[in-house]
Each structure stands twice: as structure tokens, then as C-alpha cells.
Amino acid sequence: MAHFLRDQLISNVLITEESLTQLSAIFEDREKMLNGIAAATKSEDDEATLVFIIRFDNKGYRVFSIDDLLRYFQQAKSVERVLITLETTRSLRNNRQAGTFMELRLDEMEPHTSFLNVTSDDKDWVEASFSAVQEALDKYRHRTGWVRTAWTTFSVQLVGVTLGFLLSLWAAAKLSPKLIIESPFVISFIFVFLLFSNTWSYLNQIILRVLNIAFPNIKFIRRDKERLHWLIQAVVGGAVGAAVLYFLSQAGTFFLDLLSSLVDKSA
């Protein structure tokens with residue numbers, strides 16, 4: 001491994017053709033610098049190669065120019081992953097245990113694998129390369145990162161359980177008059193709530209998955225091909241807003257009814 005390393009998890013980024021072109025220009029500048037040093041020192045091991053990898057529609061391609069990358073990027077139905085890799089001959093020969101390399105991985109399907117890695121024996125080159133890519137990525141960040149926080153998971157769970165509790169009360173009130181058993185309301189409530197609890201564990205995962213699809217960590221945006229995504233995002237956003245309003249209204253009604261019953265009993 002080279003002496004100096006900088007890495008960072010990439011999150012909340014929208015990638016377009018323009019952003020790929022700008023990122024490619026940064027990598028090309030770093031490539032020219034490395035090859036200039038290699039030519040001056042006459043060291044073939046320090047010569048650098050720039051490679052682009054794109055995976056889309058369940059197939060992948062390895063290309064050597066931004067023009068080829070953008071051609072595949074635009075024709076794809078669904079882009080899954082893009083890698084931009086700058087690597088020296090020494091790094092290739094030693095499986096990245098020595099030498100210089102710089103890689104940006106952007107993965108829409110597995111967002112937790114999106115990383116920027118820069119390593120070299122030259123500290124200044126590492127810092128300059130890392131900062132250049134980082135500053136470029138900052139321009140493409142979106143503001144929906146809150147969807148994938150622990151607070152969102154907690155909110156979905158809280159709203160779901162509360163709605164399940166209110167639904168169980170409503171169902172028990174409807175079912176209990178029709179049951180000829182002891183404590184029909186209690187039995188009906190327990191049955192419906194247990195049924196909901198077992199169903200909710202699956203519904204919770206589906207809701208979180210839909211939120212991640214509608215508001216992805218890494219999203220590749222192509223001209224005239226992302227209308228469905230924006231539609232899904234609008235629908236999901238509207239549904240979440242409606243669910244929150246319904247939750248608040250039902251919770252308010254329930255607690256007001258509970259309070260009034262307590263007041264009546266104490267009067």
C-alpha cells in the first residue's frame with residue numbers, strides 16, 4: 001500500500017452527463033500530471049492509464065474515453081454503476097499494494113459501495129486529487145438525504161404502529177357487537193392488533209424500500225429518461241404527506257375522545 005491514502009463514502013449525489021464530463025476532466029488532468037512525471041523520470045512503472053467502467057441493463061462495458069462512456073450512459077435504460085479509475089502500471093502489477101491509483105465508484109443499486117479512493121507516495125498529489133473530486137461532487141448533491149436517516153426509519157415505525165393501534169380499536173368496535181363471547185371488545189382488539197403486527201414487519205420493509213427507490217442515495221439522471229422517477233418521487237412524497245396528516249388527525253381525535261371520556265368519568 002502506498003504511504004498516503006484518502007477515502008470517502010459518496011452519498012446524496014445526482015449524476016448527469018455534465019457531471020461525468022467534469023469528473024472525467026479532473027481525472028484526465030491527474031493522468032497528465034502522472035505521465036509527465038513518469039516521462040521526466042523515464043519510469044514506465046509510473047505511467048498512468050485512465051479507464052471507465054459502466055454497468056447498465058445487466059451488462060457492463062470497459063472503455064477508455066469519456067465519449068464512449070457517455071454514449072453508453074445515454075442509450076441505457078437503467079444505469080446501475082459507473083467507475084472512473086486512474087491507475088499506474090506499478091499499481092496494476094502489485095494489485096494496488098504499491099503505486100498510485102485513484103478511483104471513483106458510483107453505484108445506484110448498492111449505495112453503500114460508492115467510494116472515492118486516492119492513494120500514492122506523494123502526499124500533495126493525494127490531497128490535491130482528493131479535494132478536486134470532492135469539490136466537484138459537492139456541486140451535484142441533492143437534499144433528500146434525510147429519507148435514509150434513522151429518524152425516517154423511526155418515523156415510519158411510529159406512524160405505522162400508531163395507525164395499527166387505531167385500526168385495531170376501530171375494527172374491535174365493529175366486530176365486538178357481533179361476537180357472543182366474554183369480553184368481545186378485548187378479544188377483537190388483541191386479534192386484530194396481532195394480525196397487524198405480523199403484517200407490519202413486511203410492510204415496513206416495503207415502505208422503506210420504496211422510499212429508497214424514490215429518493216436514492218446515488219441517482220443517474222439522463223435527458224428525457226427520468227420522467228418516471230420524478231413521477232414516483234411526487235407520488236411517494238404525496239403519499240407520505242397524506243399519511244402524516246391522517247396520522248395526526250386520527251391521533252388528535254383519539255386523544256380528544258380519551259380525554260373527554262376521562263372528564264365524564266370524573267364528573
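Scoring rules and cut-offs
- Residues numbered from 1 in each chain as written.
- Predicted model: local features only at pLDDT ≥ 70, side-chain atom pairs only at ≥ 80, totals over all residues.
- Heavy atoms only, no water.
- Patch = residues over 30% accessible without salt bridge, like charges linked within 9 Å, V, L, I, M, F, W, Y side chains within 5 Å.
- Areas by Shrake-Rupley, 256 points an atom, 1.4 Å probe, with all protein chains shown as cover.
- Salt bridge = Lys/Arg side-chain N within 4 Å of Asp/Glu carboxyl O.
- Helix = DSSP H or I, 4+ residues; strand = E, 2+ residues; numbered from the N terminus.
- Buried < 20%, exposed > 50% of the residue type's maximum accessible area, 1.4 Å probe, protein only.
- Expected span 1.5 Å × (residues − 1).
- Bend = angle between axes of the 7 residues up to and from the residue.
- Pairing = 2+ DSSP bridges.
- Axes fitted to C-alpha atoms, helices over the stretch in contact; angles between N-to-C directions.
- Contact = heavy atoms within 4.5 Å.

Caption draft 1: Layout of a nonpolar patch on the surface. On the surface, Leu-175, Leu-179, Ile-181 and Ile-187 cluster together into a nonpolar patch covering about 310 Å² of accessible area. By the element assignment, Leu-175 lies in helix 5 (residues 150–175). Of the residues examined, Leu-175 reaches a relative accessible area of 38% and is grouped as partly exposed.

Caption draft 2: A look at helix 6 (residues 184–214). For helix 6, spanning 31 residues, the distance from its first C-alpha to its last is 43 Å, which sits close to the expected 45 Å at 1.5 Å a residue. Residue Trp-200 marks the point of greatest curvature in helix 6, where the axis turns by about 35°. Taken together, the buried positions of helix 6 are occupied by Ser-188, Phe-189, Val-192, Phe-196, Trp-200, Asn-204, Leu-208, Leu-211 and Ala-214.

Caption draft 3: Examining the sheet that holds strand 6 (residues 101–107) more closely. Taken in spatial order, the six strands line up as 1-7-6-5-3-4 in an open sheet, and their pairing is antiparallel. Of all the strands in the sheet, the pair left with one neighbour each is strand 1 (4–9) and strand 4 (59–63). Strand-to-strand twist in this sheet, taken as the mean axis angle between neighbours without regard to direction, amounts to 10°. Contacting strand 3 (48–56), strand 4 and strand 5 (79–88), helix 2 (residues 66–75) crosses the sheet at an angle of about 5° to strand 3. Docked against the sheet, helix 4 (residues 123–138) engages strand 1, strand 5, strand 6 and strand 7 (115–120), running at close to 165° with respect to strand 7.

By themselves, these are just geometric observations and shouldn't be taken as functional.
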